[in-house]
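# Structural description and commentary
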Amino acid sequence: MMWSWIPGNWSLIWHLTWENAKLGVLPALYGLVLSLPLGVIAARWRWFYPPVLTVINILYAVPSLALFIALIPAFGLTDTTVIIALTVFSLCVILPNVVAGLRAVPAPVRQAATAMGYGQLRRLVTVELPLAVPLIIAGLRVGVVSGISLASVGQLIGVSSLGYLFIDGLQRSFPTEIYVGLVLVIALALVCDLILVAVRRVLTPWTAGPRESRRARAGRLVKVAG
Amino acid sequence: MSFFNWAWDWVTTDANWHGEDSIPQQVLAHLGYSALPLLIAAVIAIPVGAAIGHRGGKAAVAVSNIANAWRSIPTLGLLTLLAVFLGFSPLTWLLPLVVLAIPPILANTAEGVAGVDPGVRDAAAGVGMTTWQQVARVEVPIAMPLILVGLRTSAIFVVATATIAAYIGLGGLGRFIIDGLDSNQYGPVAGGALLVVVLAVIVLALFAGLTWLLTPAGLRKQAKTE
């Protein structure tokens, strides 16, 4: 480990980290934007989902490198190629969670909203989607974390990301560079993951609830038993 | 020319099917390089996952978070780091692929075993089964569909990522892609990518069959009537 390498290459490291963040986070957000309408359709019209799920399973099996390559003739060796490919992957992990989240909304809740005079759209936006948020964010977390990690593979087709530090480090037999890349990719992914956990807490304050102490729980159980 | 034209032309060129490093040889090599890490990961992750799921409680909840964080480890980074220190040894390509394959198997096994109906657990204990028998003969078989989903995800990750391992000298289908990229020949790059996709889809189909075979007959009937 050669610590002095880090300050000397500060601007390169910063640039690559920013590129990697962009290549990892944007596709997850695009994937979310595409998943929401598709998920709503799939949750409502059940016949729509099984074929979609099959397509998703197959798409998810496509290696990222292969998908990058398939997109090269159309988009060249650019950010766009990597972003489109990773958007496909994030769609594959987010969409099933949107569908599961919407389907898990209890029927009585839905009926209560209808009984209160909510139209379909209002019920969807103010009742069903909020209740599906925990599952949707769980999918988004997988999408962001694996996106940031996969973005580094884009370096193999020449799209710059923290993967540059891996390739360059290998070619120069210089492990410091690889350590820095590894730590930054993992740190970037974990920071984004924590942000999403925080977003979920803010969006679904009801899931936190007051923590029940062990004593209170024991007391409640005794009461129920008695 | 589009991706498929390139890929098709290359795959249907007779010369690519014969001799040293031909398509059939690399397909077999790719399968071998994928099967070994998957097997090692399964041998580690299924018992550990089953133990965590059997105990239940906080550990079972934490395991999905850990599995998600684990995904952030970039395979390319781990691969290049090991290559710098060990050169091209079996450990260099095995370890990153095992690391990649563990989280889906671990998380799904833990989740599946933790989700076994408590009544079934009680019954198993009631007929005098030891803890070991309960886990091995009741809980794991019931969790088998979920465990297989985890294995399938891992298998697809490994088949896809073994391609990247060609960058540090591993054989298999990645050779066509990496060598093609190096020599600016899009034919083998596209053809290699197409073959990996075909292989991944075959793995998917294989697991569909395996799921049917390994799901206990009783559960299979239940699934049909539900």
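All chains use their own residue numbering, which begins from 1 and follows the written sequence. Each chain takes a letter, starting from A, and each ligand takes a number, starting from 1, following the order in which they are written. Note on the predicted model: pLDDT of at least 70 is required for a residue's local features to be given, and 80 or more for side-chain atom pairs to be given and counted; whole-chain, interface and lining totals, by contrast, use all residues.

A run of H or I in DSSP counts as a helix once it spans at least four residues, and a run of E counts as a strand once it spans at least two, with each numbered from the N terminus. In terms of helices and strands, chain B carries 10 helices and 0 strands. Taken from N to C terminus, the helices and strands of chain B fall in the order α-α-α-α-α-α-α-α-α-α. Counting the 226 residues in chain B, one finds 46% classified as buried. Remark: residues whose backbone-derived C-beta atoms lie within 7 Å of one another are considered to be in contact. Relative to all contacts within chain B whose residues are 6 or more apart in sequence, the contacts with residues 24 or more apart total 74%. Burial is judged by counting the other C-beta atoms within 10 Å of a residue's own C-beta: 20 or more makes it buried, 12 or fewer makes it exposed, and any count in between marks it as partly exposed, with every C-beta position built from the backbone.

Each helix and strand in chain A was counted, giving 11 helices and 0 strands. Secondary structure elements of chain A occur, N-terminal to C-terminal, as α-α-α-α-α-α-α-α-α-α-α. Since a compact globule built from 226 residues should have a radius of gyration of about 17 Å, the 22 Å found for chain A marks it as more spread out than a globular shape. Expressed along its principal axes, the backbone C-alpha trace of chain A runs to roughly 70 × 50 × 25 Å. The buried share of chain A, reckoned over its 226 residues, is 42%. Sequence separation of at least 24 residues holds for 74% of the intrachain contacts in chain A that already meet a minimum separation of 6. The quantity called the radius of gyration is restricted to C-alpha atoms. Its globule counterpart is 2.2 Å times the number of residues to the power 0.38.

Further remarks concern the interface of chain B and chain A. Facing 31 residues of chain B, the contacting portion of chain A comprises 36 residues. Only α3 (58–70), α4 (75–86), α7 (131–161), α8 (174–182) and α9 (186–214) of chain B provide two or more residues apiece to the side of chain B that touches chain A. In terms of residue count, α9(B) provides more of the side of chain B that touches chain A than any other element does, 8 residues in total. Along the lines of polarity and charge, the residues of the side of chain B that touches chain A split into 24 nonpolar, 6 polar and 1 charged. Throughout, the ten residues Ala, Val, Leu, Ile, Met, Phe, Trp, Tyr, Cys and Pro are labelled nonpolar, Asp, Glu, Lys and Arg are labelled charged, and all others, Gly among them, are labelled polar.

Turning our attention to the environment of L140(A). Residue and element names in this part refer to chain A. Looking at the element boundaries, L140 is found in helix α7 (residues 120–151). The buried category is assigned to L140, around which 27 C-beta atoms lie within 10 Å. Distance in space between the C-alpha atoms of L140 and D193 is 9.0 Å, their sequence separation being 53 residues. Contacts of L140, omitting those with residues within four sequence positions, involve A28, L32, I94 and L196.

You will see that S173(A), though not glycine, has its phi angle at about 50°, which is positive. Looking at where S173(A) falls in the secondary structure, it is placed in the loop between α8 (163–171) and α9 (175–203). Given 12 C-beta atoms within 10 Å, S173(A) falls into the exposed group. The phi dihedral of N184(B) is positive, around 55°, even though this residue is not glycine. Relative to the assigned elements, N184(B) resides in the loop between α8 and α9. Judged by C-beta crowding, with 7 C-beta atoms within 10 Å, N184(B) ranks as exposed.

The next thing to look at is the nonpolar core. Core membership is restricted to buried Ala, Val, Leu, Ile, Met, Phe, Trp, Tyr and Cys residues, and these are joined into a nonpolar core through C-beta atoms within 7 Å. Counting residues in each nonpolar core, the largest one holds 133 residues, and the members touching the most others are I69(A), A101(B), V159(B), A193(B), V196(B) and A200(B). No other element matches α7(B), which puts 14 residues into this core.

Right, let's talk about the environment of R201(A) for a bit. Tracing the sequence through the fold places R201(A) in helix α9. It is 8.8 Å that separates the C-alpha atoms of R201(A) and P134(A), two residues lying 67 residues apart in sequence.

Our focus in this paragraph is the packing of α9(A) against α4(B). Only the contacting stretch of a helix is used when fitting its axis, a line to C-alpha atoms as for every element, and angles between N-to-C directions run 0 to 180 degrees. Contact pair α9(A) / α4(B): the axes reach a minimum separation of 10 Å and the direction vectors enclose 160°. As summarised for this structure, α9(A) and α4(B) are arranged roughly antiparallel, according to the angle between their axes. In the crossing of α9(A) with α4(B), the sense of the turn from one axis to the other is left-handed. Along the contact surface, α9(A) presents P175(A), I178(A), G181(A), L182(A) and V185(A), while α4(B) presents G77(B), T80(B), L81(B), V84(B) and F85(B). Class assignment for the residues of the contact of α9(A) with α4(B) results in 7 nonpolar, 3 polar and no charged. Comment on the angle field: the value is read as roughly parallel under 35 degrees, roughly antiparallel over 145, roughly perpendicular from 65 to 115, and oblique elsewhere. The crossing is said to be left-handed when, going from far helix to near helix, the turn is anticlockwise and less than a right angle, and right-handed when the turn is clockwise.

Residue and element names in this part refer to chain B. Every residue is assigned a pLDDT by the predictor, reflecting its confidence on a scale from 0 to 100. Taken over all residues, the pLDDT of chain B has a mean of 88, while the share at 70 or more is 97%. Per-element mean pLDDT across chain B ranges from 65 in helix α10 (residues 217–225) up to 93 in helix α5 (residues 90–114). Both confidence scores are given for the complex: pTM 0.84, ipTM 0.81.

Right, let's get into the environment of R172(A). Residue and element names in this part refer to chain A. Its location among the elements puts R172 in the loop between α8 and α9. By the C-beta count within 10 Å, which is 12 here, R172 ends up exposed. Taking the C-alpha atoms as reference points, R172 and N97, 75 residues apart in sequence, are found 43 Å from one another.

Here the focus is α8(B). Extensive coverage of α8(B) is indicated by the burial of 7 of its 9 residues. The set of residues buried in α8(B) consists of G174(B), R175(B), F176(B), I177(B), I178(B), G180(B) and L181(B). Structurally, α8(B) contributes buried residues whose contacts are with α4 (64–75) of chain A together with α2 (23–55) and α9 of chain B. Immediately downstream of α8(B), the backbone of N184(B) shows phi near 55°, a positive value.

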